[in-house]
Amino acid sequence: QVQLVESGGGLVQAGGSLRLSCAASGRTFSSYAMGWFRQAPGKEREFVAGISPIGYSTYYPDFLKGRFTISRDNAKNTVFLQMDSLKSEDTAVYYCAGDGSRWFAPRAADFGSWGQGTQVTVSS
């Protein structure tokens, strides 16, 4: 069982940056993939970033165009999502996903644990 706690969300102006953090506990952190998803009101949850267990490989959907960067610190059991050049359409609740079996084009079902979510609001 993996427990996840996100932090770092908030209100930011368009063009600004935010860094989300997700602290994990439970199973050995370096043994599973991690990911970030988001869900905007009235929309389905969508994948935004994935990272391999050791952190050497990352994956992003094409629509992000390099604006987001996922990283992990296995010594601190923490995964990060650096979000730059934020747009109003990035407004959503962002969820950390852990205990993952894949990081390349994953589905939500590929992750066994989820955080409570953190709100990101981008004002235009």
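This text goes with the structure placed above it.
So, a few notes on the structure that sits alongside this text. In this text the structure is predicted, and so the values were computed from the model without any measurement.

**Concerning the packing of aromatic side chains**
Step number 1: Tallied over the entire structure, the rule returns 8 aromatic pairs.
Step number 2: Between Phe37 and Phe111, the aromatic rings sit 5.6 Å apart at their centres with planes inclined by 85 degrees, giving edge-to-face as the arrangement. Residue Phe37 is found in strand β4 (residues 33–39), and its partner Phe111 is found in strand β10 (residues 111–114); the two are separated by 74 residues along the sequence. The pair formed by Phe37 and Phe111 is uniform in burial state, with each residue classed as buried.
Step number 3: Among the aromatic side chains, those forming a connected cluster through ring pairs are Phe37, Phe47, Tyr59, Phe104, Phe111 and Trp114.
Step number 4: The ring of Phe80 has Arg19 sitting right over it, with the charged end atom 3.9 Å from the ring centre.
Step number 5: The ring of Trp114 has Arg45 sitting right over it, with the charged end atom 4.8 Å from the ring centre.

Rules and cut-offs
Residues numbered from 1 in each chain as written. Predicted model: local features only at pLDDT ≥ 70, side-chain atom pairs only at ≥ 80, totals over all residues. Heavy atoms only, no water. Phe/Tyr/Trp six-rings, centres within 6.5 Å; stacked < 30°, edge-to-face > 60°. Helix = DSSP H or I, 4+ residues; strand = E, 2+ residues; numbered from the N terminus. Buried < 20%, exposed > 50% of the residue type's maximum accessible area, 1.4 Å probe, protein only. Lys NZ or Arg CZ within 6 Å of the ring centre and 35° of its normal.

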